[in-house]
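Fold and contact review
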Amino acid sequence: MDSIKYDKIEILSPAGDMERLTAAVNFGADAVYLAGQEFGMRTSPSNFNMDELTKAIKFAHEKNVKVYLTCNTLPRNEEIDRLPAFIEDAKNAGIDAFIVADIGILQLVKKYAPEVDVHISTQAGIVNYLTARTFYDMGAKRVVLARELSLEDISTIRAKTNSSLEIEVFVHGSMCVSFSGRCLLSSYLTGRDANRGDCAQPCRWKYNLVEENRQGQFFPVMEENGGTYFLNSRDLCMIKHIPEVIKAGATSLKIEGRAKSEYYVAVTTNAYKHALNAYLNGEELEPWMSEELDKISHREYNTGFFFGNEPGQVYSNGGYVRHYDVVAVCDGYKDGMIEISQRNKFLKGDVLDVLEPGGRPFNLQVEKMFDQWGNEVDSAPHAMQKLFIPADKIVKKGAYLRRKR
């Protein structure tokens, strides 16, 4: 542990498209992970073609943010011939690392992009120091540990591996009912392969039992306190425990969510970056940092397996907790006026919660607002409506304006 440089610890944020990458960069990410049009473990976001990837990397590198490319599906025979060109194109685009799970892909990366770092995906299921050592000996710069590990497990892996091997752990986001995502439910029920980035999330569905001789009669699967969503995992949230995660040996703190919104990316990145900086500066976590994570859509939080196996499911429902709505995004500030684009309806007199890139939240009361023709209005009912709000302080472009439900 003494050999780990704490100033090298990074906040690693998800980027499902250019908008989400921009949010991650602007709100404090040290690195982002994303996918191309093939071989990534998320098909629902739009991801990046090679031209988009090149532009994204240029933008990120100008801000001193690294870009890691997921190449962590398990490729089928007919895909192998396409991999060398994909790897070389990604290398030429300027990526900082490939994230891989398959040892065949690992060998291809070493052949076609030997100068690019390799990170071993959580899909590889690394739960012990022997496997971590083996991947290091095969040329891996980093291992992304399975989410099923405790802090003690992570500490042991750190103590028994080369100090130059980087260790990445998930600290926030959705948890899977299966071992680090290796699930067949989606394939069986919908034909969509979770292990190739196309999970339909049947673990979030409501289930009943059917008895053979009572066709059409459905019997709820009940827990002691009621409920039928017995596969529905809670979300992971470790913002209050960053010191323990770092002391265990993590060098990269990863936020899950390439399929989630740019607002989610912005809020989580901002909160965890501030929390990490507080720890590195010897300061206490400020309440607002963890409170920010209640302002995004999420399932009930827990600490996963870090402190042992907490109750992991939400039995009462399959939905999300939503306490706040984004009502507008700031497009600029001029002559005492905030220019905004509306996202959800709000009214004159509302008190809005503002989050700027890299900042801490503050309140803004809408005492007056004007439409784009200068007419004073009492409400903002139209999507993407341009409005102007008087403010006695500058509000940065890209700030989110939110209202509590």
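Just so we're clear, the structure is a prediction, and the values are computed from it rather than from any experiment.

Take the packing of helix 3 (residues 83-93) against helix 4 (residues 103-112) next. Contact geometry for helix 3 and helix 4: axes closest at 10 Å, N-to-C directions at 55°. The orientation of helix 3 relative to helix 4 falls into the category oblique. With respect to the hand of their crossing, helix 3 and helix 4 are arranged in right-handed fashion. Between helix 3 and helix 4, the contacting residues are L83, P84, I87, E88 and K91 on the first element and I105, L108, V109 and Y112 on the second. Looking at side-chain class alone, the contact of helix 3 with helix 4 contains 7 nonpolar, no polar and 2 charged residues.

Moving on, we come to the side chain of T122. Residue placement: T122 occurs in the loop between strand 5 (117-120) and helix 5 (129-137). Since its relative accessible area comes to 6%, T122 is described here as buried. Engagement of the side chain of T122 in a polar contact is seen with the backbone oxygen of L145, the distance being 3.3 Å.

With that out of the way, let us pick up the packing of aromatic side chains. This structure, assessed with the given rule, holds 2 aromatic pairs. Here Y263 and Y400 contribute two aromatic rings whose centre-to-centre distance is 5.1 Å and whose plane-to-plane angle is 70°, an arrangement assigned as edge-to-face. Of this pair, Y263 sits in helix 9 (residues 262-280) while Y400 is found in strand 21 (residues 400-404), placing the two residues 137 residues apart along the sequence. Each member of the pair, Y263 as well as Y400, carries the same accessibility label: buried. Here the aromatic residues F27, Y263 and Y400 are joined through ring pairs into a cluster of three or more. Directly above the aromatic system of F170 lies the positively charged group of R147, at a separation of 4.1 Å from the ring centroid. In this structure, K160 packs its charged tip against the face of Y129, placed 5.3 Å from the ring centre.

With that out of the way, let us pick up the sheet that holds strand 21. Reading across the sheet, the 7 strands line up as 17-16-21-13-14-20-18 and stay open at both edges, with antiparallel pairing between neighbours. Looking along the sheet, the strands with just one partner apiece sit at the ends: strand 17 (362-365) and strand 18 (370-371). Inspection of the sheet shows strand 13 (residues 324-334) paired to strand 21 by 5 bridges, in the antiparallel sense. Each residue of the ladder has a partner; that of V326, found in strand 21, is R402. Across the face of the sheet, helix 9 comes into contact with strand 13, strand 16 (351-355) and strand 21 while running at roughly 90° to strand 21.

A separate point is unusual backbone geometry. Even without glycine at this site, N64 takes up a positive phi of about 60°. Take N64: it is sitting in the loop between helix 2 (50-62) and strand 3 (66-71). For D335, which is not glycine, the phi dihedral falls at a positive 55°. Topologically, D335 is positioned in the loop between strand 13 and strand 14 (337-342). Residue classification places D335 among the exposed positions, given a relative accessible area of 71%.

Take helix 4 next. Residues of helix 4 that are buried include every one of I105, L106, L108 and V109, and no others. Projected down its long axis, helix 4 carries its buried residues within an arc of 165°, all on one side. Elements that come into contact with the buried residues of helix 4 comprise strand 3, helix 3, strand 4 (97-100), strand 5 and helix 5.

Attention now moves to the packing of helix 1 (residues 18-26) against helix 9. Closest axis-to-axis distance for the helix 1/helix 9 pair is 8 Å, and the angle between their directions is 15°. Viewed along their axes, helix 1 and helix 9 adopt a mutual orientation that is roughly parallel. Relative to helix 9, the crossing made by helix 1 is right-handed. Across the interface between the two elements, E19, R20, A23 and A24 from helix 1 touch E262, V265, A266 and T269 from helix 9.

Quick notes on the rules
- Residues numbered from 1 in each chain as written.
- Predicted model: local features only at pLDDT ≥ 70, side-chain atom pairs only at ≥ 80, totals over all residues.
- Heavy atoms only, no water.
- Axes fitted to C-alpha atoms, helices over the stretch in contact; angles between N-to-C directions.
- Helix = DSSP H or I, 4+ residues; strand = E, 2+ residues; numbered from the N terminus.
- Parallel < 35°, antiparallel > 145°, perpendicular 65-115°, else oblique.
- Left-handed = near helix turned anticlockwise from the far one by under 90°.
- Contact = heavy atoms within 4.5 Å.
- Nonpolar A, V, L, I, M, F, W, Y, C, P; charged D, E, K, R; others polar.
- Buried < 20%, exposed > 50% of the residue type's maximum accessible area, 1.4 Å probe, protein only.
- Polar contact = N/O pair within 3.5 Å; in protein donor to acceptor, adjacent residues only side chain to side chain.
- Phe/Tyr/Trp six-rings, centres within 6.5 Å; stacked < 30°, edge-to-face > 60°.
- Lys NZ or Arg CZ within 6 Å of the ring centre and 35° of its normal.
- Pairing = 2+ DSSP bridges.
- Arc of directions from axis to C-beta.

What is shown is where atoms sit, not what they do.
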